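Fold and contact review
Chain residues, written in single-letter form:
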Amino acid sequence: MCKHIIRDNEVVTTFATIANLKSPPDLENSLSDLQEVGFRVDILTGPGIILDVRHAHANANIPLHIVAERTGWWLHVVILYDIHGSFLWHGPATGVTTLGFPEDMLQYGSGGREGVLDWFDVRSSKLDDLEIEVPANTSEFLAETANSTFISCNYTRAKEFFDTYNDDTSGEALYFKAKVLQIIRLSKLVLESLEVPFWLSSGTCLGWFRQCDVIPYSKDVDIGVWIKHYHPGIIDAFVAKGFWLHSIFGRVNDSYELSFGYSGVKLDIFFFYEDSRGMWNGGTEFTSGQKYRYDFPKFQLCWTELMGIKVRVPCDTLSYIEANYGDQWFEPIKEWDWNKSPPNARTNGYWPELEWREVIQIFYPEAEDS
């Protein structure tokens, strides 16, 4: 066995195994097998991913990683858990230093980091004379691994929210949530086909952060896109998926915003810019041409899960939420003025009236299914 896993130019050899979250693997046999050939072995356990507010306080520890050492050579096995058949999740490698493991060389779970990967195809390969499986598209897999950081929604906070304010389980609320789920799935298909990354923004991000759910009275879906990832085919791609174009505000180089309608629910796509003051998106008041600027502290993107869908949010979500909603974000506010209520809203000049036909475009559908 040792000749297979120890390579002359490697300190750590990493393998992965896929497991079911509902029936975590029993690793005692693997531990014994490794110990019999002289390895020191540690099985790292920790809480599994929480996917339901009802389980916020009942999350048992499950095996997350196996680390083994023999004569200075290390074996790391990361356990990837299937989440809804949609993506794979791994937990943090907390406690990994109990064997003196070189944590700076750990590819998965270092620094207490969770991670997610899309399902991937594998192909057969050989390591010496040992049959193994490797990702079919190695470069794509490694690129995804480098940007796989995952942050779990705080279901303890969500439970506190629902205990305080109750959950809206009316037929109207459930219908809206179903439409939001459909819109996010379709938006993900459209934007990923164009290689345009996006994240949950504004009220949709607040709903995820505060209650791990959708805000039923928000009546729309909000996502953010870096302007550097703008694709000229974005409008046609959404229309091809059954959306209708509601409005275009601004220009690609300034305060650009697209809105679509789908089954009675509006999708807002806010394009974000970066300058010396930080990151911002724009808005336009269509009756006056007044421009607005919404400033945010600089942020990076991490993966999370909303209603079973793998999506991005700002990694430092609290700073993002506080910029947009202030420090009272936990309290539901049903009356919200898009250009006056946000604490980060600033006036940013006016569009010249001669340019309104270009920078203020509002469309109306002939008919729409409800």
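Here, every reference points to the structure presented above.
Summarised in this report is the structure supplied together with it. (Residues numbered from 1 in each chain as written. Predicted model: local features only at pLDDT ≥ 70, side-chain atom pairs only at ≥ 80, totals over all residues. Heavy atoms only, no water.)

**Notes on the packing of aromatic side chains**
- Taken as a whole, this structure holds 29 aromatic pairs when the rule is applied.
- Between phenylalanine 161 and phenylalanine 162, the ring centres sit 5.5 Å apart and the planes meet at 75°, which makes this aromatic pair edge-to-face. The residues phenylalanine 161 and phenylalanine 162 share a single accessibility class, namely buried.
- Pairing tyrosine 325 with tryptophan 336 gives two aromatic rings, centres 5.0 Å apart and planes at 35°, and the pair type is tilted. Of this pair, tyrosine 325 sits in helix α8 (residues 317–325) while tryptophan 336 sits in the loop between α8 and β19 (345–350); the two residues are 11 residues apart in sequence, bridging distant segments of the chain. (Phe/Tyr/Trp six-rings, centres within 6.5 Å; stacked < 30°, edge-to-face > 60°. Buried < 20%, exposed > 50% of the residue type's maximum accessible area, 1.4 Å probe, protein only. Helix = DSSP H or I, 4+ residues; strand = E, 2+ residues; numbered from the N terminus.)

**Focus on the state of the cysteines**
- Here the structure, examined in full by the defined rule, presents 2 disulfides.
- Between the sulfur atoms of cysteine 153 and its disulfide mate cysteine 212 the distance is 2.1 Å. Here the S-S torsion is close to -100°, and the disulfide linking cysteine 153 with cysteine 212 is therefore left-handed. With cysteine 153 in the loop between β9 (149–150) and α4 (155–165) and cysteine 212 in the loop between α6 (202–211) and β11 (220–226), this pair connects stretches of sequence that are 59 residues apart. (Disulfide = S-S within 2.5 Å.)

**A closer look at the pattern of salt bridges**
- For the coordinates displayed, the defined rule picks out 16 salt bridges.
- Across the pair lysine 310 and glutamate 144 runs a salt bridge whose closest N-O atoms are separated by 3.4 Å. Within this pair, whereas lysine 310 is found in strand β18 (residues 309–314), its partner glutamate 144 is found in helix α3 (residues 138–146), the two being separated by 166 residues in sequence.
- Residue aspartate 268 is joined to lysine 266 by a salt bridge in which the shortest nitrogen-to-oxygen separation is 2.7 Å.
- Among the residues examined, lysine 266 registers a relative accessible area of 26% and is labelled partly exposed.
- Salt bridges linked by common partners bring Asp275, Arg277, Arg293 and Asp295 together as one network. (Salt bridge = Lys/Arg side-chain N within 4 Å of Asp/Glu carboxyl O.)

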